[in-house]
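Given next are the chains, with one letter for each unit.
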Amino acid sequence: MSPANVAHHIIRSSQLSREDNYEYWRTGIASLFDATPTDNDFDTFSADLATYNPGQFLIGKSSASPQQFHRSGALVSATAVDHLLVQLYVKGECAYNADGGYGKGVTGDIVCFDLSRPMQSYASNMDIISLVIPRQMMRLMPKIVDNLHGARVEGSSTLGVILSDYMLSIARRAPTLSQTEGQLLVESTSALLSSAFTGAVTTQFDTLTRVNLQTIQTFIERNLTNLSLSTDMIVYQFGLSRSALYRLFEPVGGIGEYIRERRLKLARLKLASVGTGRGAVAKLAYSCGFSNEDTFSRAFQQYFGIRPSEAIRDIGAAAQLKNMLAGDADNWMHNWLDKLQMRQ
């Protein structure tokens, strides 16, 4: 097979000692998981990995012995990425805890994990096709995307079969992809993943409501940092009555609560960007559309169970971990994820 035309990294167990094989595997995926062989059985450890970077998402093909994968809150903070990991189990199965949501995937299933949230999984001997994509690629309402952590598409379902065939196909073609071809795959990948996972997440909206709600939610996402974003602004923008807007957002907790929640989640992602000096909380509040530092602090603590000042201090420790990851020459995945983040 000819060398890949896109950026790639390959680990072959047949060319390494077991110790080196584990070390290359561990450091290669360190920005995604802490990986440990099941029962700490290093004597039989084996892992092969081929990963390709077409530009806006990553394609991976791996085969490995049984392992435990853990993405801790500290690792989430350190890597600070807002991506989804979609995994097709070509062989093997996994049991997982997705931030309190428990599930199991078997051969043929496709499982999605949100890399902005903690998770833990136990996997058997496995062959896996993986896609890492920015959250913004998904053509779904933000509320649905937020519920994708631990979502599973059954491999026996029609869309499951179609998505499986697609993921297997692009994994086969990845080694010979050109950069241009990789960019052309972005739209088809986004559309198919969105269609397949729509059915995997329960939603209470009918088709018409979904279209109208999604339009307004998209507008909200684009204006989260605008201090002028309000019910009045949305009513004027879309020509709705207040009662109609309230009815539309009633199933998701109300328009005011929805905007507040989206801004708080944005604040969580931006914790590392404000520094740890004086005025950091105010800077974070204003950068996420809150006009009052006290209101922001109360809302943040109520929602996340920790004061924003404490969360910002915790980022200091996470920053040290991030610097360690970035300084490891073998951790090519970290640089790839950073560049994907920059393209959003």
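This text follows the structure it describes.
Everything numeric here is computed off the predicted structure, so don't read it as measured data.

Draft legend 1. Summary view of helix H10 (residues 280–287). Listed as buried for H10 are Ala 280, Val 281, Ala 282, Leu 284 and Ala 285. Phi turns positive one or two residues past the end of H10, at Gly 289, with a value near 90 degrees.

Draft legend 2. Fine view of the layout of surface pockets. Taken as a whole, the largest pocket encloses approximately 770 Å³ of empty space. Surrounding the largest pocket, 28 residues form its lining, Asp 82, Arg 135, Gln 136, Glu 221 and Arg 262 being those nearest its centre. Among the elements of the structure, helix H3 (142–146), helix H6 (207–222), helix H9 (255–269) and helix H11 (293–304) are those that each provide at least two residues to the lining of the largest pocket. Residue contributions to the lining of the largest pocket peak at 5 residues, all from H9. Approximately 500 Å³ is the volume found for the second largest pocket. Considering the residues around the second largest pocket, the lining is formed by 20 residues, among which Gly 73, Val 76, Ser 77, Arg 268 and Leu 271 are closest to the centre. Of all the elements in the fold, those that place two or more residues in the lining of the second largest pocket are helix H2 (73–79), H9, H11 and helix H12 (308–327). A total of 4 residues in the lining of the second largest pocket trace back to one element, the largest contributor, which is H12.

Draft legend 3. Region of the structure containing a negative patch on the surface. Among the surface-exposed residues, Glu 19, Asp 20, Asp 39, Asp 41 and Asp 43 lie close enough to one another that they form a single negatively charged patch. The topology assignment puts Asp 20 in helix H1 (residues 18–28). Look at Asp 20 and you get partly exposed, because its relative accessible area is 40%.

Reading the values: rules and limits
Residues numbered from 1 in each chain as written. Predicted model: local features only at pLDDT ≥ 70, side-chain atom pairs only at ≥ 80, totals over all residues. Heavy atoms only, no water. Buried < 20%, exposed > 50% of the residue type's maximum accessible area, 1.4 Å probe, protein only. Helix = DSSP H or I, 4+ residues; strand = E, 2+ residues; numbered from the N terminus. 1 Å grid on protein atoms, 1.4 Å probe; cavity = no way out; pocket = protein on both sides within 12 Å on 5 of 7 lines; lining within 4 Å. Points joined across faces, edges and corners; volume = space filled by probe spheres on them. Patch = residues over 30% accessible without salt bridge, like charges linked within 9 Å, V, L, I, M, F, W, Y side chains within 5 Å. Areas by Shrake-Rupley, 256 points an atom, 1.4 Å probe, with all protein chains shown as cover. Salt bridge = Lys/Arg side-chain N within 4 Å of Asp/Glu carboxyl O. Lys, Arg positive; Asp, Glu negative; His and termini not counted. Charge placed at Lys NZ, Arg CZ, Asp CG, Glu CD.

Read these as geometric descriptors, not functional statements.
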